[in-house]
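Analysis of the macromolecular model
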Amino acid sequence: MESLNELIDFISVDTRLDIKTLALHHILSLTGNFESRKLLLSNRKCLKSLIDLAFSKDEQKAINKDAFFSLINLSADEIDAGQMMLQSSDLVQKLLDYILDENSPFSDTSCAILSNISRGKRNSQIIFENYFVDSNNNGGKSKPTVSLAKLLQVFCTEKFNKTNNLDYLAPFICNLTQLESVRNTILNDSIILQRLLPYTTYSRSIIRRGGIIGAIKNCCFNYDYHEKLLLSPDIDLLSRLLLPLAGPEEFELDEMEKLPDDLQFLPPNKERDVDPDVRIMLLETIMMLCSRKECRSYIKDKNAYLILRELHKWEKDEKALNSCEKLVQILIADEPEDGHENLHQVAVPEELSQKFYEFEKQELEKNFE
Amino acid sequence: MSLEAALGETDDATLDLFLEKIRTEYKDGWTEENWEEEMEKHPLFMTKLPEDSDELPSCVEAIRQLKWDPDDTPKEKAVKLKDEGNLFFRAKKYSDSVVSYTMALKENIEDDHELMSTLHQNRAAAHYYLKNYRSSLSDCVFAKKFNQKNIKPIYKGAECCFELKNYDDCIKWCDWGLLINSEDNKLRELRSKAESNKKIYEREKRKKETLERKKNEKNSKIWNLIKKKGISVQEKEKSFLDLLENPVNPQQKVVDLTDDEQMLNWPVLFLYPEVGQTDFIESFNENSTFEDHLSLMFNQSPEWDQQKNYLTSTVQVYYENRNKGKLVKLRHKMTLLEALKQDGMIVQMGTPNFIVMVKNSSFEKLYIEKFNEIN
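Residue positions are given per chain, counted from 1 along the sequence in the order it is written. Throughout, the order in which chains and ligands are written sets their labels, letters from A for the former and numbers from 1 for the latter. It should be noted that, the model being predicted, local features are given only for residues of pLDDT at least 70 and side-chain atom pairs only at 80 or more, the latter also being counted only at that level, while totals for whole chains, interfaces and linings use all residues. As a convention, hydrogens and water are excluded, and side-chain values are obtained from all of the structure's heavy atoms.

1. Describing the overall build of chain B
The condition is simple: A run of H or I in DSSP becomes a helix once it reaches four residues, and a run of E becomes a strand once it reaches two; helices and strands are each numbered from the N terminus. When we talk radius of gyration, it's over C-alpha atoms, and the globule rule is simply 2.2 Å times the number of residues to the 0.38. Only protein chains enter the accessibility calculation, which uses a 1.4 Å probe; a residue is then buried when its area is under 20% of its type maximum, exposed when over 50%, and partly exposed in between.
In terms of regular secondary structure, chain B is built from 15 helices and eight strands. Expected size for 375 residues packed as a compact globule is a radius of gyration near 21 Å; at 41 Å, chain B overshoots this value by more than 25%. With the principal axes as the frame, chain B shows a C-alpha extent of 130 × 70 × 35 Å. Looking at chain B as a whole, 39% of its 375 residues are labelled buried.

2. Examining the pairing of strand β3 (residues 264-272) of chain B
Residue and element names in this part refer to chain B. Put simply, the rule reads: Pairing between strands requires that DSSP locate at least two bridges from one strand to the other.
Where burial is concerned, most of β3 is hidden: seven out of the nine residues are buried. In this structure, strand β2 (residues 256-257) lies alongside β3, joined through two bridges in antiparallel fashion. Within β3, the residue paired with Asp256 across the bridge is Asn265. Remark: six residues form the turn of the hairpin made by β2 and β3, two consecutive strands paired antiparallel; Glu261 in that turn has positive phi of roughly 65 degrees. Counting the residues in the hairpin turn of β3 and strand β4 (residues 277-285) gives four residues, including Gly276, whose phi is positive at 65 degrees. Sheet topology note: the β3/strand β8 (residues 353-358) ladder contains three bridges and is parallel. Its bridge partner lying in β8, Leu271 is registered against Ile355.

3. Concerning the packing of helix α8 (residues 133-146) of chain B against helix α9 (residues 152-163) of chain B
Residue and element names in this part refer to chain B. Rules: Axes, fitted as lines to C-alpha atoms, cover a helix only where it is in contact. Angles between the N-to-C directions of the axes lie from 0 to 180 degrees. Oblique is the label for any angle not under 35 degrees, not over 145, and not in the 65 to 115 range, which are roughly parallel, roughly antiparallel and roughly perpendicular in turn. When the near helix sits turned anticlockwise from the far one by under a right angle, the crossing is termed left-handed; a clockwise turn instead gives a right-handed crossing. In this description, contact between two residues means that some pair of their heavy atoms is separated by no more than 4.5 Å. Only Asp, Glu, Lys and Arg are considered charged in this grouping, and only Ala, Val, Leu, Ile, Met, Phe, Trp, Tyr, Cys and Pro are considered nonpolar; every other residue, Gly among them, is considered polar.
For the pair α8 and α9, interaxial distance at closest approach is 9 Å and the crossing angle is 150 degrees. One finds that α8 runs roughly antiparallel with respect to α9. In this structure, α8 meets α9 at a crossing whose hand is left-handed. For the pair formed by α8 and α9, the contact residues are Tyr133, Ser136, Leu137, Cys140, Ala143 and Lys144 on the first element and Pro153, Ile154, Lys156, Gly157, Cys160, Cys161 and Glu163 on the second. Its residues assigned to classes, the contact of α8 with α9 comprises eight nonpolar, two polar and three charged.

4. Concerning the UniProt feature "domain: Cns1/TTC4 wheel" (unreviewed entry) in chain B
Rules: UniProt positions are given in the numbering used here, feature names are shortened, and annotations may be inferred rather than shown by experiment.
Per the UniProt entry, the sites bearing "domain: Cns1/TTC4 wheel" (unreviewed entry) are residues 258-371 of chain B in this numbering. Taken end to end, residues 258-371 of chain B has its terminal C-alpha atoms 36 Å apart, with 20% of it in helix and 33% in strand.

5. Examining the packing of aromatic side chains
Residues and elements named next belong to chain B. How we decide: Pairing of aromatic rings covers Phe, Tyr and Trp, the last counted by its six-membered ring, and requires centre-to-centre distances within 6.5 Å; plane angles under 30 degrees mean stacked, over 60 mean edge-to-face, and any other angle means tilted. Criterion for a charge above a ring: Lys NZ or Arg CZ within 6 Å of the ring centre, and within 35 degrees of the ring normal.
Under the defined criterion, the tally for this structure stands at 27 aromatic pairs over all chains. Centroid distance Tyr272 to Phe298: 6.0 Å. Interplanar angle 65 degrees. Geometry classified as edge-to-face. Residue Tyr272 is found in strand β3, and its partner Phe298 is found in the loop between α13 (290-297) and β5 (315-321); the two are separated by 26 residues along the sequence. Here Tyr272 and Phe298 have matching classes, each one buried. Grouping aromatic residues by their ring pairs yields a cluster made of Phe89, Tyr94, Tyr128, Tyr129 and Tyr133. Note that Lys186 overlies the ring of Tyr155, its terminal NZ or CZ placed 4.2 Å from the centroid.

6. A look at the interface of chain B and chain A
The following threshold applies: Buried area: the accessible area, evaluated with a 1.4 Å probe, that two parts lose upon being put together, summed over both parts. By definition here, a salt bridge exists when the distance from a side-chain nitrogen of Lys or Arg to a carboxyl oxygen of Asp or Glu is within 4 Å.
Listed per partner, the contact involves 16 residues of chain B and 21 residues of chain A. Taken together, both faces of the contact between chain B and chain A bury some 1700 Å²; the carbon and sulfur share is 44%. On the chain B side of the contact with chain A, B:Lys199, B:Arg203 and B:Arg206 bury the most area, a combined 36% of that side's loss. Counting every contact that joins chain B to chain A gives nine salt bridges. Salt-bridge contacts for A:Asp262 lead to B:Lys199; the nearest nitrogen and oxygen are separated by 2.7 Å.

7. A look at the UniProt feature "coiled-coil region" (unreviewed entry) in chain B
Listed under "coiled-coil region" (unreviewed entry) in the UniProt record, and renumbered for this structure, are residues 187-228 of chain B. Taken end to end, residues 187-228 of chain B comprises 100% helix and 0% strand; its first and last C-alpha atoms sit 60 Å apart.

8. Examining the nonpolar core
The criterion, for reference: For the purposes of this section, nonpolar cores are sets of buried Ala, Val, Leu, Ile, Met, Phe, Trp, Tyr and Cys residues that join through side-chain atoms within 4.5 Å.
Of all hydrophobic cores here, the largest spans 108 residues; its most connected members are A:Leu96, A:Leu114, A:Phe132, A:Phe155, A:Leu169, A:Phe172 and A:Ile299. With seven residues, the single largest contributor to this core is helix α4 (residues 44-55) of chain A. Those residues in contact with A:Leu169 that sit more than four places away from it in its chain are A:Ile99, A:Cys111, A:Leu151 and A:Phe155. Membership of the second largest hydrophobic core comes to 37 residues, among which are B:Ile222, B:Trp223, B:Phe284 and B:Leu336.

9. Details of the pairing of β8(B)
All names here are of chain B. With five of its six residues buried, β8 lies for the most part within the structure. Inspection of the sheet shows β5 paired to β8 by four bridges, in the antiparallel sense. Paired with Tyr318 across the bridge in β8 is Ile355.

Next up, the structure:
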């Protein structure tokens with residue numbers, strides 16, 4: 001402990017470059033381990049020094065970089081990350097400033113730290129309420145300059161930053177959508193939706209794609225917006241969710257013409273999303289959209305079953321197969337009796353609920369065997 | 001000094017004097033002899049525009065000077081030309097306004113970014129109404145370049161891309177505009193419209209590609225089947241595939257697959273050299289025999305055969321052996337496929353042809369002799 005404190009003393013802006021470099025290297029390697037992360041975070045000075053080094057314009061780039069990487073690692077565990085964020089009130093602001101600066105060389109690392117420390121609803125809430133303009137800001141510690149719309153616009157601008165791709169902004173945005181006010185902002189602006197939705201088929205980065213699909217899934221928890229999401233031709237959510245699940249199979253013309261426009265005449269080299277977790281998220285999102293009667297019949301009319309049928313033949317991943325089957329069940333089953341049209345509002349009797357829980361648990365355990 | 005001013009400060013006597021002074025004799029009046037000539041010089045009445053080489057009539061020169069002062073700076077000239085363009089524009093004379101704006105842009109005003117932007121933007125609008133969407137779009141690019149904060153060329157640019165069905169670019173222009181004003185309803189609506197139209201447009205594009213691909217796949221299948229069955233065609237693969245796309249026979253028929261994709265249906269030409277006639281069979285299945293078709297064709301004697309010489313039982317089918325350069329007899333019971341596999345049978349222009357003559361006729365004998373002589 002004593003030696004650790006000594007080490008931390010060396011990573012100050014005033015230390016000689018060679019010693020500082022070495023000490024920082026050492027700290028960075030320590031941040032790879034859960035126990036030492038706890039130790040480092042317990043030293044108040046450590047965090048402050050790392051932040052100073054990371055953002056100091058006087059330091060060499062390599063020093064900035066090592067300090068940033070140490071911060072990413074330190075923010076890896078949710079609880080510690082939250083603690084860290086509270087300790088350093090201006091860290092979040094600095095990170096946001098870097099992300100919005102198109103010339104910053106450390107935008108990506110900033111995004112990664114933010115996406116780490118925003119995990120957990122409470123952490124997201126603290127960030128959003130204190131650092132964003134469009135939230136009900138109660139005079140946070142520093143004056144907020146960022147709006148959600150601006151952040152999303154930066155995210156959707158190709159090559160906004162020439163050296164950083166800002167992909168890690170996607171999981172940060174996804175984390176923010178845990179908050180209802182963020183979801184409402186997104187859902188109420190069709191332009192924002194129009195810009196985010198194409199990322200469901202963004203093949204270059206799974207981080208970007210997964211983050212945005214996660215955000216869209218979160219947004220679907222606002223059931224009142226389902227009809228808007230599905231039925232507005234300029235949003236057309238169903239196409240965006242089905243397209244990554246569609247393969248190169250050819251269909252009979254009359255079958256195919258019932259599909260949404262985007263799903264018709266797909267080329268023979270069409271590929272499904274390679275990531276099973278993404279496929280599961282997509283399936284679960286469609287499942288949520290099946291909750292209301294009108295939406296369910298829309299999805300049925302659009303022949304979503306056809307895509308799922310082919311997916312089911314192709315799918316190898318157990319869990320994804322399971323999600324696919326559940327969704328198909330809803331689409332091919334008879335409509336529920338009157339009073340139970342809205343599936344998410346159906347009250348499940350306690351005993352059944354217990355049975356389902358047990359069943360799911362068994363299923364999960366089966367997967368671990 | 002104006003008349004009114006003079007009145008204000010003089011008495012009647014000086015007024016008389018003043019009137020006397022301004023009264024001049026009207027010398028330039030038109031006479032009976034020269035009125036036609038004078039009228040032609042007057043800008044109001046002239047019937048044709050003065051040539052550049054001509055010395056301008058004084059009236060025209062005067063009007064010209066009112067507008068085009070030779071002492072004008074390039075900027076003043078450009079602004080006047082711009083105003084002229086705007087006048088034309090308002091009168092819906094869009095091509096005239098394009099000329100005015102173009103002349104204005106030729107003035108040396110590069111440094112005046114705002115004016116450059118406005119001129120490009122105005123010309124873009126004129127081009128837009130002329131449906132010259134590409135020219136309009138290129139002017140929008142310049143208008144935007146010279147003035148980043150100007151939203152008008154962004155509207156036009158987005159609209160041009162929309163008209164050109166380039167929906168991705170339309171969305172890009174809308175997004176540029178939304179950077180200036182994120183609440184702009186016109187751009188938000190246009191962007192939404194572009195998103196929905198893009199879906200339909202891209203579906204059509206994919207449909208076209210799919211149909212094209214299927215056609216190519218089918219044509220390759222035909223080619224492979226021909227090769228597999230051992231049929232010789234004169235053309236190489238590429239020109240044969242071209243031939244399938246653009247058939248040369250007047251009926252526009254080409255060899256086609258049967259539904260099970262195992263057999264071919266050929267267009268076939270029968271030639272009757274004796275009477276200078278032909279018969280064209282649009283779809284001759286490879287497993288059908290000559291007899292099948294001959295019996296149909298000669299069931300009723302054709303118009304050119306009043307003597308009823310041409311009957312299924314009286315005719316002989318020949319093909320040309322191109323390796324040996326001679327005519328070879330084919331049996332009626334032979335199928336088309338068997339015939340096509342004969343030695344020296346080469347299908348030309350995608351259409352097999354056969355010569356039909358009356359068996360043992362003098363013409364047949366003569367024709368074969370002549371044929372062998374030539375080859």
